[in-house]
Amino acid sequence: MRCALDIVVLGLSLSSSWGNGHATTFRALLRGVHAAGHRVTFLERDVPWYAARRDLADPDFCDLIFYTSVDELLACHANRLAAADAVVIGSYVPQGVEVIDAVSRLLPKRLCFYDIDTPVTLSKLSHGDEEYLARRQIPVFDLYFSFSGGGTIARLRQEFGANRPLPLYCAVDLQAYRNSGARTTWDLGYLGTYSPDRQPALERLLIEPARQLPEKRFVVAGPSYPADIRWPENVERIEHLPPSEHADFYSRQRFTLNVTRSDMIAAGWSPSVRLFEAAACRTPLISDWWQGIESFFPPGEALVIARTGGDVVTALVELDDRRREAIADAAYRRVASAHSAEVRARAFVEVVENVPPRGELPATHSMRRLQA
């Protein structure tokens, strides 16, 4: 029987999902890790913009502890970090470079990086931007978990010197995301924080179809959209939607739209958690195209690819309920078998267990399993 692991995570935010996808990613993964019998502590920098918008202040699957500075982190938690079986530091942690340096000096048994923004990270590093991770720090980690797979993994190893770069895609909690049975409200919906590089695709794949189909109903949920965007009258706006309302939101759509950031498209193999969430709720998916998408959701079988607004209009007008349900069922089967929180947590734990504490020789079979 395997021993329970003591895992400490330093991440951007677990307590607030406002304006970031990190919270839902961490929640799904860590809930699965906890369910497998392991102990998790999440250390979160206490910042005012998340403190004012917390939607999970007291999780039942981990200990959530706030700190206010790097000095406080070390003063209060150095022993915890040094004693943990694994310390995982996430991308976009405030003062991330200082945090990584400080934690690495404590010589934790296993030091891991979880990059929930890998294409953005590598783009920033290539331009000399070390906002939350310094290039020199990448070889320090025993494991480098990447939100992106494919060629990004080889690039991390060959160009940046990562020791064990492995894909750790986002996942969905199947208990939290399921069809609510609510009546359909919208023909097409989108959930996502405003991003300048996503906005042209949102214009092309939702706003323009809304103008062409005034009899259809559309919705865009997410914060930070500029006030000067001209929304058609049949597009409803929701400023913020907490995770507790995501499942009902997806369940009220005939289709849901996925729009990918430009860095993620360039890297490929970077599925958004929104794809998995909507599929878990059995809502048919429409998505822009990026390399590798077929390995997650085969186009035409489990998802509709939209390169133009016309593709969206065709799907909304021509696909009947029977075809929509077949697409939704295929996507749900994919998620349930390969992208649930339980599946992802099991792979994560097995990899960590097979990287022995520093000074011992590594084992590799579970790392190969995660790469597959």
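Residues numbered from 1 in each chain as written. Predicted model: local features only at pLDDT ≥ 70, side-chain atom pairs only at ≥ 80, totals over all residues. Heavy atoms only, no water.

Peer 1: Please set out the pattern of salt bridges residue by residue, giving values where relevant.
Peer 2: If charged atoms from side chains of opposite charge come close, those side chains can pair. Tallied over the full model, the rule gives 18 salt bridges. As a salt-bridge pair, Arg 31 and Asp 173 come within 3.0 Å of each other at their nearest N and O atoms. Pair noted here: Arg 31 is in helix α1 (residues 22-35) and Asp 173 is in the loop between β7 (165-167) and β8 (186-191), with a separation of 142 residues, a long-range link. Note that Asp 63 and Arg 39 form a salt bridge whose closest N and O atoms lie 3.9 Å from each other. Note that Asp 63 is positioned in strand β3 (residues 63-67) and Arg 39 in strand β2 (residues 39-45), a separation of 24 residues in sequence. Shared partners join several salt bridges into a network, and the residues in it are Arg 31, Asp 60 and Asp 173. (Salt bridge = Lys/Arg side-chain N within 4 Å of Asp/Glu carboxyl O. Helix = DSSP H or I, 4+ residues; strand = E, 2+ residues; numbered from the N terminus.)

Peer 1: An account of the side chain of Asp 173 is needed here, citing residue identities and associated values.
Peer 2: A relative accessible area of 9% means that Asp 173 is categorised as buried. Excluding its chain neighbours within four sequence positions, the residues that come into contact with Asp 173 are Ala 28, Arg 31 and Ala 341. (Buried < 20%, exposed > 50% of the residue type's maximum accessible area, 1.4 Å probe, protein only. Contact = heavy atoms within 4.5 Å.)

Peer 1: Explain the pairing of strand β4 (residues 86-90) to me, using residue names and the numbers behind them.
Peer 2: Within β4, five of the five residues are buried, which leaves it mostly tucked inside the rest of the structure. Here β4 shows a buried face lined by Ala 86, Val 88 and Gly 90 and a second buried face lined by Val 87 and Ile 89. When strand β1 (residues 6-11) meets β4, the two strands line up parallel, connected through four bridges. By the bridge assignment, Val 9 is partnered in β4 with Val 88. As defined by bridge partners, β4 adjoins strand β5 (residues 111-115) across four bridges and the pair is classed as parallel. (Pairing = 2+ DSSP bridges.)

Peer 1: Break down the packing of aromatic side chains for me, citing the residues and quoting the values.
Peer 2: Per the stated rule, a full pass over the model turns up 18 aromatic pairs. Measuring from centroid to centroid gives 6.5 Å for Phe 276 and Phe 296, while their planes differ by 50°, and the two rings are tilted. Linking Phe 276 in helix α10 (residues 273-280) with Phe 296 in helix α11 (residues 293-296), this pair joins segments that are 20 residues apart in sequence. When the centroid spacing of 5.9 Å and the interplanar angle of 45° are considered together, the rings of Phe 276 and Phe 297 count as tilted. Residue Phe 276 is located in helix α10, and its partner Phe 297 is located in the loop between α11 and β13 (304-305); the two are separated by 21 residues in the primary sequence. For the pair shown, Phe 276 and Phe 297 are each scored as buried. A network of ring pairs unites the aromatic residues Phe 26, Phe 42, Tyr 114, Phe 145, Phe 147 and Phe 348 as a single cluster. (Phe/Tyr/Trp six-rings, centres within 6.5 Å; stacked < 30°, edge-to-face > 60°.)

Peer 1: How would you summarise the nonpolar core if you had to cite specific residues and measurements?
Peer 2: Membership of the largest hydrophobic core comes to 62 residues, with the highest contact counts inside it found for Leu 30, Tyr 114, Phe 145, Phe 249, Phe 297 and Phe 348. With six residues, the top contributor of residues to this core is α10. By size, the runner-up hydrophobic cluster in this structure holds 28 residues, among which are Leu 10, Ile 89, Phe 141 and Phe 160. (Core = buried A, V, L, I, M, F, W, Y, C linked by side-chain atoms within 4.5 Å.)

Peer 1: So what's going on with the packing of α1 against helix α14 (residues 341-353)? Which residues, and what values?
Peer 2: Taken N-terminus to C-terminus, the directions of α1 and α14 make an angle of 70°; their axes are 8 Å apart at the nearest point. Considering the angle they form, α1 stands roughly perpendicular to α14. Here Ala 28, Leu 29, Gly 32 and Val 33 of α1 come into contact with α14, specifically with Ala 341, Arg 344, Ala 345, Phe 348 and Val 349. (Axes fitted to C-alpha atoms, helices over the stretch in contact; angles between N-to-C directions. Parallel < 35°, antiparallel > 145°, perpendicular 65-115°, else oblique.)

Peer 1: I'd like a description of the environment of Leu 106, backed by residues and values.
Peer 2: By secondary structure assignment, the location of Leu 106 is in the loop between α4 (96-104) and β5. Not counting chain neighbours up to four residues away, the residues in contact with Leu 106 comprise Leu 74, Ala 78, Leu 81 and Ala 82.

Peer 1: Any chance you could break down the sheet that holds strand β11 (residues 253-258) for me, citing the residues and the numbers?
Peer 2: Taking strand neighbours across the sheet as the criterion, the six strands line up as β10-β9-β8-β11-β12-β13 in an open arrangement whose pairing is parallel. Edge positions in the open sheet fall to β10 (235-238) and β13, since each of these has one partner strand only. Judged from the four bridges that link them, β8 and β11 form a sheet pairing that is parallel. Its bridge partner being in β11, Leu 188 is matched across the sheet by Phe 255. Helix α7 (residues 199-212) contacts β8, β9 (218-221), β10 and β11 of the sheet and is inclined by roughly 140° relative to β9. Where α10 meets the sheet, it contacts β8, β11 and β12 (285-287), and its direction lies at approximately 160° from that of β12.

Peer 1: Now, about the confidence of the model for the chain: what can you tell me, with residues and values included?
Peer 2: Looking at the chain, the pLDDT average stands at 94 and 96% of residues meet or exceed 70. Here residues 361-372 is modelled with pLDDT under 50, and outside its nearest four sequence neighbours on either side it reaches 27 contacts, counting other chains as well. (pLDDT = per-residue confidence, 0-100.)

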